[in-house]
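# Observations on the model geometry
In case you want the letters, here they are:
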Amino acid sequence: MRPSTLQTLGLGSVIEIFQNGKLPVSADELVDRVFGKAGNRGALVITGANGIVGAGKTMQLGSRLESFGIPIIALDFPGIPDGIAKQYPGLVRAFGKGNANKVMGNIIKYSYDGKTLPKALASHNPKFLLEAIPEILDIKKDHYKTFREMFPEIDIWSVTSGFPRSSLGVGIAHPAFPHEVNKIWEIVEPAPSASSKLLWALGLIPMPVSDNWSFVLDVFFCGLTLAGSRFSEASNMPYWKIDKYIRKYLGPNPFRAHDAIGAAGANFLSWSCLHHLSKHYGELFAPNQTFDEKKESGQNWYPLDHFRPLVDWSMNEKETAEFNAWILGSLFQMTSLMIHENRTHLSQMNLIGELCAQFRKGMLATIRSYGADATRKIVGDYHKLHPAAAEKAWHPEVFEKIDSPEWQQLYVNAEHDGKVGVISINREIYNYDVNTELDKAIDWLKAAGIKNVIVTGDFHLSTQMIGADTTDFFPAIENPAKGVELCNAWSATARRLYNDFKTSVGVINGKRCFGGFLELMMHCQYLVAEENAVLGMPEVTLPVIPGMEGCHWPFRKVKPENYPNLLLLLLTGKPVKAKESVGWLTDYAGPLEETIKLAWKIASDADHGLKKREVVADNLKNMPKEAPGLEDTDDTSLEEARKAIVGCIQNSCNAPLSEAVSIQSKLSGNFMTTTLFKKGAIGTAYAKTWLV
């Protein structure tokens, strides 16, 4: 339907992975190319290693490269606080003390004066430099010169948040915050290289972007902060209140985020990005007086003694329209600029906003929901408030392509070879947008006469399938019909995977698959998974009743002796490894490449040795009301949630398949209006973010 984002990395398409029966590259071969053969491998050097970015990337890359025997050289000024040591507790939590000690034991620390490199550095044969020093252009260039004089062949990349490759003369690998856990890297290079492919092979998420100032992430994040600051100047609304409304309508808290990162450094970085952007694109990005002052003072946006918990009020209709003009208007204009410049694949631009800037819905998906005309009107309203922004960097013509496949299929893509289709999903959380795009993908394949299909993650932007986007449940809290509508719509799409194809194969290729996404994948006629993938139904802990047929569909595919396994999955919320679920949840679990090969055999009608588990259409009789071995708990809320889920299992399983979906949808939708639900995680989030 559109080009795959994998193709931007030079790694081909998703269907080619299945056709070839393997991933396009391996970490072993790429480590050899970047660092040298085993026994003679060079080092990775990280400069500015004690800073927030440097220390985070030392942990993230060090934990992945330790097993390959690649030394990690951490270089910084003497006397700088040890930022690497602060990362150790997190490393222990993630990998256990033994493995954490191995990673730390592979990190070699050196100090230097910023001009002369330690002589001992040469003994480690540095092959790759990741530079994370302050955002001052002349200092960076002198830094590269020093390294190149001593190591002429070294590959140098910068984690800069704003300077383009054309100014620095080195590759860009700009990581998203928080640096030790966020896997996203914006990559700037002339063509896909072994280095960026290695990041992908190590389980990270490189996203190639064009060589423009501040790339994509910082245009969104710094631009949002600037828009909020301008709205504060115009309305006199305090920053904490603006944060509450931005969080309500968009997702992030830009001012609070600056304080959490460290206002002194974060204010300067944002100011620097905006300052340089304004030199090229004008007043749309020009830092206002407030930003200039914050850059100089390094002060927090939230005063330490503010009365945020005590003083509150709501915006009226006129104030809300002004808020939308200042915030959405500027963001929509910035998005038009980046699309005009073709800064990156549209799916990547959209996901960078979600995965990095914490937008609840990416800017392209948001613009798509408004439509081209409404989007232009909001930007027009913004220009009435800020006329100077209209002088440059406004490209309304880009919205004329809003109906193109690249824009309409931001989250779901489909490919086929004339016989077998592959549907790949690149959003980790299922929502209405994914559901709509999945429907369109199924229609597209059926129109092409495709009868066999594989459904999978996209092997790039989505490394897991976490579950349903619970913010889509918010409307149901006050209106149960909205919850019933959601469950019916999502279940109808899921059933198409079982009913509309002769053969459908769900492939769980990421590290976990939970909740609504697992319910979706269970609708495939065959379900195969990488053996160490973690599968679970955590709804009972939220609590919410599964709404995509999780309370009856899996029971219809197994023998009664397997009911206890499914009951424990639903009533405890505890996940299982895929290899422990074969026969009652999955049909096969094995190494990833074996899973890929088997999926292709099934989808291409080759001999595969698996028996299709039919879905029982009649009433299921003698359904158990409790799970053997289920632990008692003093948590009354959990017990009530279990009773509600058991009731749904009983009612939907005791009905024929044709009636079960409406029964489950009604029970799940109505549950969202209960006091139990409102006191749970989703209801609490609703009250905290929406009722402002």
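Residues numbered from 1 in each chain as written. Predicted model: local features only at pLDDT ≥ 70, side-chain atom pairs only at ≥ 80, totals over all residues. Heavy atoms only, no water.

## Side note on a negative patch on the surface
Residues Glu631, Asp632, Asp634 and Asp635 make up a contiguous surface patch of negative charge. Note that Asp634 resides in the loop between helix H24 (592–603) and helix H25 (636–653). You can call Asp634 exposed: its relative accessible area is 80%. (Patch = residues over 30% accessible without salt bridge, like charges linked within 9 Å, V, L, I, M, F, W, Y side chains within 5 Å. Areas by Shrake-Rupley, 256 points an atom, 1.4 Å probe, with all protein chains shown as cover. Salt bridge = Lys/Arg side-chain N within 4 Å of Asp/Glu carboxyl O. Lys, Arg positive; Asp, Glu negative; His and termini not counted. Charge placed at Lys NZ, Arg CZ, Asp CG, Glu CD. Helix = DSSP H or I, 4+ residues; strand = E, 2+ residues; numbered from the N terminus. Buried < 20%, exposed > 50% of the residue type's maximum accessible area, 1.4 Å probe, protein only.)

## Observations regarding the side chain of Thr160
Take Thr160: it is sitting in the loop between strand S5 (155–158) and helix H7 (165–168). Among the residues examined, Thr160 registers a relative accessible area of 0% and is labelled buried. Within the structure, Thr160 has its side chain in polar contact with the backbone nitrogen of Gly162 (distance 3.3 Å). Only 3.2 Å separates the side chain of Thr160 from the backbone nitrogen of Phe163, close enough to count as a polar contact. Setting aside chain neighbours within four positions, we find Thr160 in contact with Glu135, Lys140, Leu168, Ile172, His174 and Phe215. (Polar contact = N/O pair within 3.5 Å; in protein donor to acceptor, adjacent residues only side chain to side chain. Contact = heavy atoms within 4.5 Å.)

## With respect to the sheet that holds strand S16 (residues 526–530)
An order of S9-S10-S12-S14-S16-S19 is seen for the six strands of this open sheet, with the pairing classed as mixed. Each end of this open sheet is capped by a strand with a single partner; those strands are strand S9 (412–416) and strand S19 (588–590). Averaged over neighbouring strand pairs, the angle between their axes works out to 20° when direction is ignored. Here S16 pairs with S19 via three bridges, running parallel. Looking across to S19, one finds that Ala529 is bridged to Ala589. Lying over the sheet, helix H22 (residues 515–522) contacts strand S10 (420–425), strand S12 (452–457), strand S14 (503–508) and S16, oriented at roughly 150° with respect to S14. (Pairing = 2+ DSSP bridges. Axes fitted to C-alpha atoms, helices over the stretch in contact; angles between N-to-C directions.)

## Quick word on the domain arrangement of the protein
Split into domains, the protein comes out as domain 1 (25–208), domain 2 (216–406) and domain 3 (411–689). Each of domain 2 and domain 3 has a C-alpha centre, and the two are 36 Å apart. Residue-level contacts link 14 residues of domain 2 with eleven residues of domain 3. Roughly 1,000 Å² is buried in total at the junction of domain 2 and domain 3, and carbon and sulfur atoms are behind 46% of that figure. Between Arg368 and Glu437 there is a salt bridge whose closest N-O contact spans 2.8 Å. Taken together, domain 2 and domain 3 are joined by seven residue pairs in polar contact (both at pLDDT 80 or more). Among the elements of the structure, helix H10 (239–249), helix H15 (346–355) and helix H16 (363–370) are those that each provide at least two residues to the side of domain 2 that touches domain 3. (Domains from an automatic or database assignment. Buried area = accessible area lost by both parts, 1.4 Å probe.)

## Thoughts on the pattern of salt bridges
Inspection of every chain in the model, using the stated rule, returns 23 salt bridges. Close ionic contact of Arg376 with Asp373 constitutes a salt bridge, the shortest N to O distance being 3.3 Å. One end of the pair is Arg376 and the other is Asp373, both in helix H17 (residues 372–385) and three residues apart, which spans about a single turn. The class for Arg376 is partly exposed, based on a relative accessible area of 26%. Owing to a relative accessible area of 62%, Asp373 belongs among the exposed residues under this scheme. Here Arg496 ties to Asp500 by a salt bridge, and the two come within 2.8 Å at their closest N and O atoms. Exposure remark for Asp500: the relative accessible area of 23% places this residue in the partly exposed category. Through salt bridges with shared partners, one network takes in Lys361, Arg368, Asp433 and Glu437.

## Comments concerning the sheet that holds strand S15 (residues 512–514)
Taken in spatial order, the three strands of this open sheet run S15-S17-S18, and their pairing is mixed. Strands with a single pairing partner mark the edges of an open sheet, and in this sheet they are S15 and strand S18 (576–577). One ladder, built from three bridges, connects S15 with strand S17 (residues 534–536); its direction is parallel. By the bridge assignment for S17, Phe514 is matched with Gly536. Its contacts with the sheet place H22 against S15 and S17, and it is angled at close to 90° to S15.

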